[in-house]
Amino acid sequence: MRTDRSVVLSDVLAARAVIRGVADGTPLVPSPFLSCIARGEVLLKLESMQPMGAFKLRGALNAVWSLRADAPGVVCCSTGNHGRAVAWAARARGLRAVVCLSALVPEVKVAGIRALGAEVRIVGRSQDDAQKEATGLAAGEGLVEIPPFDDPAVIAGQGTIGLELLEARPDLRTLLVPLSGGGLAAGIAVAARAIDPAIRVIGLTMERGAAMHAALRAGRPVPVEEVASLADSLGGGIGRDNRHSFALCRDLLDGTVLVSEDDIYRGMQALYWEDRLVAEGACAVGAAALMSGRLTGLAGPIATIVTGRNVDMGVFTRVVTGQDVTLGEHVVRGRAWDTTSAS
Ligand SMILES: *Cc1c(COP(=O)(O)O)cnc(C)c1O
């Protein structure tokens, strides 16, 4: 086992002690519909049941709890859920929180962050713009920056999902993990592969703006244009000077698979009509990849992470009722789900 990794199993075990009783123990439930599609058992890890609606609470709690007692406050940039998680964790510790967002972040996520008492700054049209603002505020106001994915404490926190999966089901063979900056996939892969080196961990992301996928191909972080997607939580780059999540994903993932907006749309419909779940587009990539036939012949049992529920309900109801959805220049054509198949 290499020892130069920036996050190892012991870090994830330590994170578990920090988040215990607050952000752990989400349900792992079977999906009969996806099991039928995959011709083998498929389980869903419901991080959508987290107190603030997404798995990001695990990493944010671990990072905020590691700060010194006299820390003046925290700042972060986010596609929405990390900001909400940092706001939640900062409030629990009585710290000031500033969250920097780009104009691509849906209003529902902005409102959720404000409701937790954090200050919100909306700057530019990309995660890079929000990132610059956060770094500037950290330097200017002495706030501690909590990165959304490229941070050992955050990665270790997300990795606790891997521990819970393999404790509940040591027989899991394949994990399908939504992938953006790679904190989630890196953390899960660190934990799962330390426990079972033969397990496969596959990162899933959308074709429109697949930053980690492009970086893994190129062998280094590359700029990727950021556009609107049904999977808005998967938007943004991985950072030109990525120090942790890129190397961990490169060393520990068994591959990445891309899905289209149409696939994500169908995946959201399936999670709703078949599994009765309200889930963000970012969570639907696992269902989307299985349903579109882009992932076949996987060893089962399979688990995929339903990463969050903080979806714009206007968009969500359009998707589940089969209407068109407009994403900037791109229109996802509506198609009704055949509810007669839902049982
Ligand atoms: C952040 C996020 C992801 C991706 O996590 P990364 O660590 O950036 O790869 C997936 N789904 C949801 C709902 C998220 O908020």
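Keep in mind it's a predicted model, so treat the numbers as computed, not measured.

**Quick notes on the pattern of salt bridges**
Argument step 1. Under the criterion given, the structure shown has 19 salt bridges.
Argument step 2. Notably, a salt bridge pairs glutamate 47 with arginine 58, separated by 2.7 Å at the nearest N-O pair. Of the two residues, glutamate 47 is situated in the loop between β2 (42-46) and α3 (56-65) and arginine 58 in helix α3; the sequence distance between them amounts to 11 residues.
Argument step 3. Judged by relative accessible area, arginine 58 falls into the buried class, the value being 0%.
Argument step 4. Among the salt bridges present, the one from arginine 58 reaches glutamate 164, with a minimum N-O distance of 2.8 Å. Taken as a pair, arginine 58 in helix α3 and glutamate 164 in helix α7 (residues 152-168) lie far apart in primary sequence, 106 residues in all.
Argument step 5. Within this structure, Lys45, Glu47, Arg58 and Glu164 form a network of salt bridges that share partners.

**Some remarks on the sheet that holds strand β8 (residues 200-206)**
Think of a sheet as strands paired side by side through backbone hydrogen bonds, with each pair either parallel or antiparallel.
Argument step 1. Within the open sheet, the 6 strands sit side by side as β1-β2-β10-β7-β8-β9. Their pairing is mixed. This sheet does not close on itself; its edge strands, each paired only once, are β1 (28-30) and β9 (255-259). Looking at each pair of strands side by side, their axes are set apart by 30° on average, direction ignored.
Argument step 2. When β2 meets strand β10 (residues 302-306), the two strands line up parallel, connected through 5 bridges. From the neighbouring strand, leucine 46 faces β10, where its bridge partner is valine 306.
Argument step 3. Of the strands in this sheet, β7 (174-178), β8 and β10 are in contact with helix α8 (residues 183-195), which crosses β7 at around 160°.
Argument step 4. Strands in contact with helix α11 (residues 261-273) are β2, β8 and β9; relative to β9, the strand with the most contacts, it is inclined by about 90°.

**Notes on the domain arrangement of the chain**
Argument step 1. Each domain of the chain was delimited in the assignment, giving domain 1 (9-52 + 152-341) and domain 2 (56-145).
Argument step 2. Computed from C-alpha atoms alone, the centre-to-centre distance between domain 1 and domain 2 is 22 Å.
Argument step 3. Three residues, Met52, Glu226 and Asn310, lead the burial of domain 1 against domain 2; their summed loss comes to 29% of the area buried on that side.
Argument step 4. Remark: the boundary between domain 1 and domain 2 carries 4 salt bridges.
Argument step 5. Taken together, the connections running from domain 1 to domain 2 amount to 14 residue pairs in polar contact (both at pLDDT 80 or more).
Argument step 6. Within the residue set of the side of domain 1 that touches domain 2, elements represented by two or more residues are α1 (9-19) and α7.
Argument step 7. Residue contributions to the side of domain 1 that touches domain 2 peak at 8 residues, all from α7.
Argument step 8. When its residues are assigned to classes, the side of domain 1 that touches domain 2 shows 12 nonpolar, 10 polar and 8 charged.

**Focus on the pairing of β2**
Argument step 1. Counting buried positions over the 5 residues of β2 gives 5, a clear majority of the element.
Argument step 2. Burial of β2 is two-sided: the residues Val42, Leu44 and Leu46 facing one way and the residues Leu43 and Lys45 facing the other way are all buried.
Argument step 3. Bridge analysis of β1 against β2 gives 3 bridges, and the strand direction is antiparallel. If you follow valine 29 over to β2, its bridge partner there is leucine 44.

The rules behind the values
- Every chain's residues receive numbers from 1 upward, in the order its sequence appears when written.
- With pLDDT at 70 or above as the cut-off, local features in this predicted model cover only qualifying residues; side-chain atom pairs require 80 or more to be listed or tallied, and sums for whole chains, interfaces and linings still use all residues.
- Calculated side-chain values reflect all of the structure's heavy atoms, with hydrogen atoms and water omitted.
- When a carboxyl oxygen of Asp or Glu is within 4 Å of a side-chain nitrogen of Lys or Arg, the pair counts as a salt bridge.
- The helix count covers DSSP runs of H or I at least four residues long, the strand count covers runs of E at least two residues long, and both are numbered beginning at the N terminus.
- Categorising residues by exposure relies on relative accessible area from a 1.4 Å probe, with only protein chains included: less than 20% of the type maximum marks a residue as buried, more than 50% marks it as exposed, and the intermediate range marks it as partly exposed.
- DSSP calls a pair of strands paired once it identifies at least 2 bridges connecting them.
- A fitted line through C-alpha atoms represents every axis, and for helices the fit uses only the stretch in contact; the resulting angles, taken between N-to-C directions, go from 0 to 180 degrees.
- Residue contacts follow a heavy-atom distance rule, with two residues in contact if any of their heavy atoms lie within 4.5 Å.
- What fixes the domain bounds is an automatic or database domain assignment.
- The quantity reported as buried area is the accessible area (1.4 Å probe) lost by two parts once they are put together, taken as the sum for both.
- Pairing of N or O atoms within 3.5 Å defines a polar contact, subject to two protein rules: one partner must be a possible hydrogen donor and the other a possible acceptor, and residues neighboring in sequence count only if both atoms are side-chain atoms.
- Gly falls in the polar group here, along with every residue not listed as nonpolar (Ala, Val, Leu, Ile, Met, Phe, Trp, Tyr, Cys, Pro) or charged (Asp, Glu, Lys, Arg).

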